[in-house]
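# Commentary on secondary and tertiary structure
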Amino acid sequence: MRMDVSETGFESNIEISLVEAGYMKRELTSEARQKFKDHALDVEELFAFLEDTQSKRMRTLEKIYGAEYKQKVLNRILDQLKKRGLLECVRKGIKDRGVKLDLAYNKPPTTMNRSLYEKYKKNRFAVSRQVYYSNDNQNSLDMVLFLNGLPLVVMELKNPLTGQTVEHAKKQFRKDRNSKETLFKSNSRAIVYLAVDPDEVFMTTELKGNATYFLPFNRGNNGGKGNPVGYDTYRTSYLWESVLTPDSLLDLVYRFVFVKRDDIVDSNGDVIAERQMLIFPRYHQLDVVRKIEKDVEEKSVGTNYLVQHSAGSGKTNSISWLAHRLAKLHDEENEAVFRSVIVITDRRVLDKQLQDAVYQLEHKSGMVERIDKDSSQLADAINSETRIIITTLQKFPFIMEKVTDLERKKYAVIIDEAHSSQGGKASAALTNILSDKTLEDAYEEDRLAEESLEDTEEKIIETILKSGKQDNVSFFAFTATPKPKTLEKFGAMGADGKPRAFHQYTMRQAIEEGFIHNVLENYTAYKTFYKIAKDVDEDPVVSKKQATKKLAQYVSLHPHNIAQKTEIIVEHYRNFTQHKIGGRAKAMVVTASRLHAVRYKLAFDKYIKAQGYTDLQTIVAFSGTVNDGEVPYTEPEMNGFSEKELPKKFHSDDYKVLLVAEKYQTGFDEPLLHTMYVDKPLSGIKAVQTLSRLNRTCPGKDDTFILDFVNDPEEIQASFQPYYEATILSETTDPNLLYDLQAEIDPYQVYTEEEVAAVNELEVVTGLKKSTKAQIELNAWIDKGVERYKKLSEEEQETFKSTATKFIRTYGFVLQIVTFIDVDLHKLHIYLTYLLRKLPRKGTDKDMYLADNVALQYYRNQKVFEGSIELEKTGGEEIDPQKHGAGGATEDEKVQLSSILDKINERFGTDFSETDFLSREQVKEDMMASEDIMRKAQNNTLDNFKFSFEKSFMDFVIDRISSNEKFFMKILEDEEFKTIIMEDMMNEIFSEVNS
């Protein structure tokens, strides 16, 4: 490419490249220019295309309209473009007096239809520079790309070497392009407006003056924003060398761009209008869909794909486009590659959006079916080869029970949020149902050394073959936070032998591009300081582990704790959050349990009423019924409306704060959500998913805020770091771990070979679900092992149960990632699965009640961190696979309740130096600087002053705690030490003030 440092040179180089790709260089002058100003069409090119491809139809219209037929046809086209929009007119054509006119021809999937292929070849692609578009001014556009006279792409080009960048191009679109003009109305003409310089590209589909919102259209650069260095070319050359080439542009028009329709609701959640928006793919969306399609074309069926795209990056649209393309994919013999595309998701928004998008792209209904009834509907959809099936994973086990004659064909399975969909019975059922493997395949592939097998063994081997990777099924898994198991099952093996995602759009890139907010940028952490005292004369012996947990729960549910935090949250929301996003900002309170959510809701309503606030209403979200003492609570009863109404109600202006217990912590997209108050321990993927609810952008949302009462900022940083850039698995699972686990279990002699064989005979051959007698026999065989287990020591029981559980989980996972045929291991897996269900359970912490034995003596929330939690740019993080080795049980020691309280209250050592006591002087100076303390010291007797002094003393101690935590914690924890320090300081202050 010829290089030129001027803006004109930049334009020329792009034009040259497009002409080489198949565009015609077109200059709009005289009459053509005026008609473009009048109609926002290249009328001359439009009619040249119609005459060249549909001359007979044009002659019919000429006979109908006479000499004025061109103007009549043009008027009809203009009318239809205005009423139906550009996209529909291009895809479906228009009708005029019974005559259909096609405005373009998509590239046919094969060359078998010669007539259609020839018409496609007659599409007229043109590139025009310095296009004057208005009768009201002399403004011109740097570059416009036409398809058959339709101006599909408008570009403003800038060159930093002349002092202007892509930001100037965006400003030009906002300031100088009137959105009321036909050319700039959404879906009236152009499908995208591009701001371009040699380094970056930004796009929008809707010009709205200063409110115009541009999205980045960059490839990414080493995990961050921007584009990589282009050798001998521009960084942005991919735009005109790949994205805007003729075939690619047709593909975008016919198979990507669609109109998204959103409901506009009033304060009651009622739909009052509909908003339409043209959706053009982001670069990472376009890239992943096309790369997957190309890879499937090359490798056919049987490969797994993992897509690691950041939360909030538009996975719903990516899944919609991919599902449609896979459903339409054909091989060289023009046969469909996949009989059905099955989308596994729990999100109903994907259902509606996918149906709407596919209908627009396909021009017909019935291609997408949502399974919202029973499992028979799912079986029927698969049997009838419905092109795209949307369902939940949980329906597949029931198909196995009801349907046994599903015809095995080739399937694509798209998994939304893969981290929650790769394990367990439901996942195994899905693979088993769709698999086409048989026992004969094992013999043909030389996987079996034995020639003669028993019925039980044959059926077990068939089950093993139908687990894991299948030659007739391709999996396409989407997630922002891949677990080790997710990487190992769906990831692509890198050159280093480590699994990683097939395609990535990192959290770092999304944040740097401004596509999502950095939720860790404004983070405030509070620490709760409290002291618990034993409130009974007895000192009962209790389980240390259970009691410690119960004491922490006692504090977290204590009315004083919830009331204190409620006040902090409400006042922070009113003083800080409420004014954000033009007064529409919302907040979420993440609670530790359903009971916490209920009590928070009651506390919020009580506090808001007591303060007389009328502009703050709350909603609570939890599942089922929660009993607080004798009082039952449900979500609908507490809110006053049904669960289904909650998202719309919360989006309305009436409700500001959402209190949640598990619900809405994942998969909940509310762009107005600005602040999160966290009163629940979070770590790992759960922390990333929960806090990422805030990251969605919307007009007027400039930042986010998190106030955390529980978690350490360093732990939050450690949770986010693995998912900030590329996530790679450090090593893969060794199937031989199973033999190590078996060697740990066998010596306990809980079961015999005879019992294992008998249970497998009942499960695999007889069929437990079909035989009541078989179920009776199963219990008899399992009970033998249960009785032996009961004779083990308590420590042996815990170790056996823990190791057996790990064996089951590890075997189930190994079965999914490798074809691993060991009948004996499979038999043991089946037996242990049943045995563990019948083993007696130890008393849990629910059996212990300590609330009457303890009292909350001191309580205070103190801010300990405020600022940004920084994530490191490492180029990618390795995560370790989940460990599958055996683990012994740890003995739960029994201790006196007073001993546990001492450990909770005494967190630091007691060896103080003289310098530690300088901290005492700091507190004294703080109190001397307090006008309130000074006034009370002056106006009261020592005895009266003592009362107010003691109430204030601990607050001043807490305020200084970060300067010498060791010393001040001693004051909090040692009553005698606190009394000595406090009384001595009180006397000094009183004496100095009144001397």
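In this report, the structure presented in the accompanying data block is examined. Just so you know, these numbers come straight off a predicted model, no measurement behind them. Within each chain, residue numbers correspond to sequence positions counted from 1 in written order. Reporting in this predicted model follows two pLDDT cut-offs: at least 70 for local features of residues, and 80 or more for side-chain atom pairs to be given and counted; totals over whole chains, interfaces and linings ignore these cut-offs and use all residues. As a rule here, side-chain values cover all heavy atoms of the structure and leave hydrogens and water aside.

In this section: the packing of helix 35 (residues 931-939) against helix 36 (residues 942-959). One can describe the packing of helix 35 onto helix 36 by two numbers: an axis separation of 10 Å at closest approach and a directional angle of 160 degrees. The orientation of helix 35 relative to helix 36 falls into the category roughly antiparallel. The handedness of the crossing between helix 35 and helix 36 is left-handed. Contacts from Ile933, Lys936 and Ala937 of helix 35 reach helix 36 at Phe945, Ser948, Ser952 and Phe956. The convention used is that axes are lines fitted to C-alpha atoms, helices contributing only their stretch in contact, and that angles between N-to-C directions extend from 0 to 180 degrees. Under the scheme used here, helices are H or I runs from DSSP no shorter than 4 residues and strands are E runs no shorter than 2 residues, and both carry numbers assigned from the N terminus. With respect to orientation, any angle under 35 degrees is reported as roughly parallel, any angle over 145 as roughly antiparallel, any angle of 65 to 115 as roughly perpendicular, and every other angle as oblique. Less than a right angle of anticlockwise turn of the near helix away from the far helix marks a crossing as left-handed, whereas a clockwise turn marks it as right-handed. A contact between two residues is defined here by any heavy atoms of the two lying within 4.5 Å.

Next up on the list: the nonpolar core. Here, the term nonpolar core denotes a set of buried Ala, Val, Leu, Ile, Met, Phe, Trp, Tyr and Cys residues that are joined through side-chain atoms within 4.5 Å. Accessibility here uses a 1.4 Å probe with only protein chains present; expressed as a share of the type maximum, an area under 20% marks a residue as buried, one over 50% as exposed, and anything in between as partly exposed. Judged by nonpolar contacts, the single largest core of 136 residues is most densely connected at Ile191 and Leu691. Leave out the neighbours within four places in its chain, and Leu691 touches Val519, Leu520, Tyr523, Met676, Val678, Leu682, Ile706, Ile716 and Phe720.

What follows deals with the packing of helix 10 (residues 246-255) against helix 11 (residues 283-299). Relative to each other, helix 10 and helix 11 sit at 100 degrees, their axes nearing to 13 Å. When the axis of helix 10 is compared with that of helix 11, the two are roughly perpendicular. Residue-level inspection shows Ser248, Asp251, Leu252 and Arg255 of helix 10 in contact with helix 11, the latter providing Leu286, Arg290 and Glu293. Of the residues that constitute the contact of helix 10 with helix 11, the class distribution is 2 nonpolar, 1 polar and 4 charged. Residues are grouped as follows: Ala, Val, Leu, Ile, Met, Phe, Trp, Tyr, Cys and Pro are nonpolar; Asp, Glu, Lys and Arg are charged; all remaining types, including Gly, are polar.

Before going further, it helps to spend a moment on the side chain of His674. Examined against the element boundaries, His674 turns out to sit in strand 28 (residues 673-679). Assessed through its relative accessible area of 0%, His674 is described here as buried. Beyond its immediate sequence surroundings of up to four residues, His674 is in contact with Phe576, Thr577, Lys580, Ile581, Ala585, Lys586, Leu694, Lys701, Asp703, Thr704 and Phe705.

Pairing between two strands is assigned when DSSP locates at least 2 bridges connecting them. Reading across the sheet, the 7 strands line up as 1-4-5-6-7-8-9 and stay open at both edges, with mixed pairing between neighbours. The outermost strands of the open sheet, each flanked by one partner alone, are strand 1 (24-25) and strand 9 (215-216). Where strand 6 (residues 150-157) lies against strand 7 (residues 192-196), 5 bridges are found, and the strand directions are parallel. The partner of Leu157 across the bridge, within strand 7, is Val196. Running at roughly 145 degrees to strand 7, helix 8 (residues 166-176) makes contact with strand 6, strand 7 and strand 8 (201-204) of the sheet.

Here we come to the pattern of salt bridges. In what follows, salt bridge is the name for a side-chain nitrogen of Lys or Arg lying within 4 Å of a carboxyl oxygen of Asp or Glu. This structure, assessed with the given rule, holds 50 salt bridges. A salt bridge links Arg508 to Glu725, with the shortest nitrogen-to-oxygen separation between them at 2.6 Å. Linking Arg508 in helix 20 (residues 507-512) with Glu725 in the loop between helix 27 (713-720) and strand 30 (727-729), this pair joins segments that are 217 residues apart in sequence. Here Arg508 and Glu725 have matching classes, each one buried. A salt bridge links Lys663 to Glu643, with the nearest nitrogen and oxygen atoms 2.9 Å apart. Linking Lys663 in the loop between strand 27 (657-660) and strand 28 with Glu643 in the loop between helix 24 (635-639) and helix 25 (646-651), this pair joins segments that are 20 residues apart in sequence. Residue Glu643 is classed as partly exposed on the basis of its relative accessible area of 40%.

With that settled, consider the pairing of strand 29 (residues 705-708). Regular strands have side chains that alternate between both faces of the sheet. What you see with strand 29 is no split at all: Phe705 and Leu707 on one side and Ile706 and Asp708 on the other are buried throughout. Across 4 bridges, the pairing between strand 28 and strand 29 is parallel. The residue of strand 29 that forms the bridge with Met676 is Ile706. Look down the strands so they point away from you; if the path from the first strand over the helix to the second goes clockwise, the crossover is right-handed. In the classification by handedness, the crossover that spans strand 28, the intervening helix 26 (residues 684-691) and the parallel strand 29 is right-handed.

Turning our attention to the sheet that holds strand 17 (residues 473-479). Read from one edge to the other, the open sheet built from 7 strands follows the order 14-15-13-16-17-12-20, with strand pairing classed as parallel. Only two strands of the sheet have a single neighbouring strand rather than two, namely strand 14 (368-370) and strand 20 (503-505). Sheet twist, expressed as the mean angle between neighbouring strand axes with direction ignored, is 15 degrees. Contacting strand 12 (304-309), strand 17 and strand 20, helix 11 crosses the sheet at an angle of about 175 degrees to strand 12.

All quantities given are derived from atomic positions and should not be read as evidence of function.
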